[in-house]
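# Structural characterization, general
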Amino acid sequence: MSEAQSTPHETIDEDRRDFIHIATAATAAAGAGALAYVFIDQMNAASDTKAASSLDVDISKVPLGGEVRVLIGGKPFFIRHRTEAEIKAAEAVDVSKLRDPQTDEERLIPMQNGELNRAMLVTSGTCTHLGCVPVGPSQGNTGDYGGWYCPCHGSHYDTSGRIRKGPAPSNLPVPDYRYVSPTTINISL
Amino acid sequence: MSGHPSAYEPKTGFTKWLDSRLPVVRLAYDSFVDFPTPKNLNYWWTFGGILAVCLATQILSGIVLAMHYTPTVDGAFASVERIMRDVPYGWLIRYIHANGASMFFLAVYIHMARGLYYGSYKAPREVLWILGCVIYLLMMGTAFLGYVLPWGQMSYHGANVITGLIGALPVVGDSIKAWLMGGPSIGNQTLQRFFSLHYLLPFMIAGVVILHIWALHVPGNNNPAGVEARKDPEGLKKDTVPFHPYYTVKDGFAIVVFLIIFAAFVFYMPNVLGHADNYIEANPLVTPAHIVPEWYLLPFYAILRAITFDIGPIDAKLLGVIFMFGSIAILFVLPWLDTSKVRSMRYRPVARQFFFGFIATMLLLGWCGASNPDDPIIPMGSDQLVVSYTDANGNEATQTYEEYEAAATFRDQKLDEGVDAAIAVAKAPAFRFVHLAQILTLYYFAYFLVILPLLGLREKPKDEPTSIHKAVLGNDRAAPAPAE
């Protein structure tokens, strides 16, 4: 190249430079964003963790007045065999006065024949306050309302698993479950 | 770093060669040998050095523990017990690490209290203070993650409570919680990531510590008098002494005393600051009756639990979380909340009273955090036994008793009549821990949001000394003649 030919290039085209700067930064940002997504998403539940998220439970073995506790994906669930008195107590409550108003029927899922199995209450075993596991009949403390008592911060649940007293904001959630047979339920997260 | 001219002169051929390529010796010399330091620093100023020792201790003992630890739900608890029983001196290294965390927090609280008392957060040291707050936040994160690793009952259920706090956030809370735990609950995947992050965070702390020291060395140390060292050469010479040997020796002495206390814990009461439940392996189906965090987090736990009421659409649970995080976030903006131009509370007689009230508040909040919120502090009357039954008209009726036997007899009598009857305890009215915690929480926030902003405008401070030199020697008295 001869020197004579280089003269037109001595002026700097600011627009072209800006374009290159912006294009470079945008490409780098897109790359960083795409990579960040990978590194953030890897912390979400892995496939095997997601897969272990349902369980069949034989409810015929739950003693009357007692409960069975199962872990699904590390989360506790209660299956309680309620006595007649406990069912009556749960149904007699004036729902409008509850913190989280729900009737006892709304907290039961019908069997395959469409009838409610009022004796069997299935709830999450995680206190809705800060995630402790409440104690129940097996631990000898059912709280002021005969259901469960959370020892961490003093939440009392009734025999339908509804919050009655203490700091918890809502009822023990009813998990997603269905009757596979009259004596077996399938609980999934 | 601080703008004062470097007095380092490399003497040997090698140091001259190195100094023109990487002046690292010069940096160390100017920062830790020749650095002009106010000559009136008291022992409260030794905690910076003590904290550096704490960080080094934790990193060193932690690296060793990681060589023997297994981060799986099946192996973690057993591997910690193996460290205690089988690894040569494993018990010592683990006790150093566990108690070291407590010592670290003890030192950092004294360090922060010193900063609060002597106004070390005020201009031009705002960034220095904020970096300190970042370190404190990272320390709390590291301590929480580390406490989960032994996979004891407190580890597991404490982690449940803390991740539950994040779940309280509206809309995004649950997905962030699941993202942090890596699944529907705290499990193996959670333990593994907590281990990884517990290893990472101390090095981030070390990085921020470097920035913290850098930000310290630009304006130089604050001091008990709260007045700046003079900048002119003569004034600077009168107000300051070189860091070495004056403060290397003073800090060194304080570090030795601190290590003696540290050793007393490690050798004579290694578990006194821990919780016995953490020697039971984690069991997701059984929650310990009384979940408490380690002592250094108790005041904030008390604030969390003090909020038992809703405000507008925000329920008590979320509000508690907001107050707890708010209590730490407020520290970051403290430099702009305190309106007083006077740094040291030596010259702020009114603010000083409120400061000691604040220290008492923190200690009492710790007591509340450790106690069951429903327990009475001052009982008013005694608990009653209430028998509720259905009377002849089918209405609910109650009968109150003092003694169990009388109540039980009455209940049995009703039951024999074929009527439903049950005994319940009616707690007597009392001034409970939750009430105390609410008052203290109010004071905590009032101290930062009301007292410090208003007091700076209204109080009349005492006269500050004109220089550090005068603060130490009083008015310019002639030095007494040396004895002949």
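What counts as what
- Residues numbered from 1 in each chain as written.
- Chains lettered and ligands numbered in written order.
- Predicted model: local features only at pLDDT ≥ 70, side-chain atom pairs only at ≥ 80, totals over all residues.
- Helix = DSSP H or I, 4+ residues; strand = E, 2+ residues; numbered from the N terminus.
- Buried ≥ 20, exposed ≤ 12 C-beta atoms within 10 Å, placed from the backbone.
- Axes fitted to C-alpha atoms, helices over the stretch in contact; angles between N-to-C directions.
- Parallel < 35°, antiparallel > 145°, perpendicular 65-115°, else oblique.
- Left-handed = near helix turned anticlockwise from the far one by under 90°.
- Contact = placed C-beta atoms within 7 Å.
- Nonpolar A, V, L, I, M, F, W, Y, C, P; charged D, E, K, R; others polar.
- pLDDT = per-residue confidence, 0-100.
- Domains from an automatic or database assignment.
- Pairing = 2+ DSSP bridges.
- Core = buried A, V, L, I, M, F, W, Y, C linked by C-beta atoms within 7 Å.

All names here are of chain B. The peptide bond linking alanine 123 to proline 124 adopts the cis configuration, its omega dihedral lying at 5 degrees. Note that proline 124 resides in the loop between α5 (90-117) and α6 (126-148). You will see that tyrosine 89, though not glycine, has its phi angle at about 60 degrees, which is positive. We classify tyrosine 89 as exposed; it has 10 C-beta atoms within 10 Å. Positive phi is not limited to glycine here, since tryptophan 151 has a value of about 60 degrees.

Attention now goes to the packing of helix α3 (residues 47-68) of chain B against helix α11 (residues 243-268) of chain B. Residues and elements named next belong to chain B. The contact between α3 and α11 brings their axes to 9 Å, and the two run at 55 degrees. Judged by the angle between their axes, α3 and α11 are oblique. Judged by the twist between their axes, the crossing of α3 over α11 is right-handed. Every residue of α11 that contacts α3 at Gly49, Ile50 and Val53 is listed here: Asp251, Ala254, Ile255 and Phe258. Among the residues making up the contact of α3 with α11, the classes are represented as five nonpolar, one polar and one charged.

The subject of this paragraph is the confidence of the model for chain A. For chain A, the average pLDDT comes to 89, and 95% of its residues sit at 70 or higher. The lowest-confidence element of chain A is helix α2 (residues 47-51) of chain A, averaging 87 in pLDDT; the highest-confidence one is helix α1 (residues 14-41) of chain A, averaging 96.

It is worth spelling out the interface of chain B and chain A at this point. Of the residues lining the interface, 29 residues belong to chain B; the matching set on chain A comes to 25 residues. Going through the elements one at a time, α7 (153-167), α8 (173-181), α9 (188-217) and α13 (316-332) of chain B are the ones with two or more residues in the side of chain B that touches chain A. Among the elements that make up the side of chain B that touches chain A, the one with the highest residue count is α7(B) (five residues). Per-class residue counts for the side of chain B that touches chain A are 14 nonpolar, 10 polar and five charged.

So, about the domain arrangement of chain B. Residues and elements named next belong to chain B. Under the domain assignment, chain B is made up of domain 1 (35-290), domain 2 (292-379 + 432-472) and domain 3 (384-426). Once you take the C-alpha centre of each, domain 1 and domain 2 turn out to be 21 Å apart. Each partner contributes residues to the interface: domain 1 has 38 residues there, and domain 2 has 31 residues. Mapped onto the side of domain 1 that touches domain 2, the elements with two or more residues apiece are α5, α6, α7 and α10 (233-239). Of all the elements, α6 adds the most residues to the side of domain 1 that touches domain 2, at eight residues. Residues that form the side of domain 1 that touches domain 2 fall into these classes: 22 nonpolar, 10 polar and six charged.

All names here are of chain B. Read from one edge to the other, the open sheet built from three strands follows the order β5-β4-β6, with strand pairing classed as antiparallel. Two strands lie at the open edges of the sheet, namely β5 (396-401) and β6 (421-426), each paired on one side alone. Neighbour to neighbour, the strand axes of the sheet diverge by 25 degrees on average, direction disregarded.

Quick look at the nonpolar core now. Counting 64 residues, the largest nonpolar core has Phe104(B), Ala107(B) and Trp151(B) as its most contacted members. Counting only elements with at least two residues in this core, the list comes to β5 (146-150) of chain A together with α3, α4 (76-85), α5, α6, α7, α9 and α11 of chain B. Other than its neighbours up to four places away in sequence, Ala107(B) contacts Phe47(B), Ile50(B), Leu51(B) and Cys54(B). Among the nonpolar cores identified, the runner-up in size contains 20 residues, and Ala168(B), Ala306(B), Phe433(B) and Tyr444(B) belong to it.

Residues and elements named next belong to chain B. Between helix α12 (residues 298-306) and α13, the shortest axis-to-axis distance is 7 Å and the interhelical angle comes to 150 degrees. Comparing their axes, α13 and α12 come out roughly antiparallel. Relative to α13, α12 is oriented so that their crossing is right-handed. Two secondary-structure elements touch here, α12 through Phe300, Ile303, Leu304 and Arg305 and α13 through Gly320, Val321, Phe323, Met324 and Ser327.

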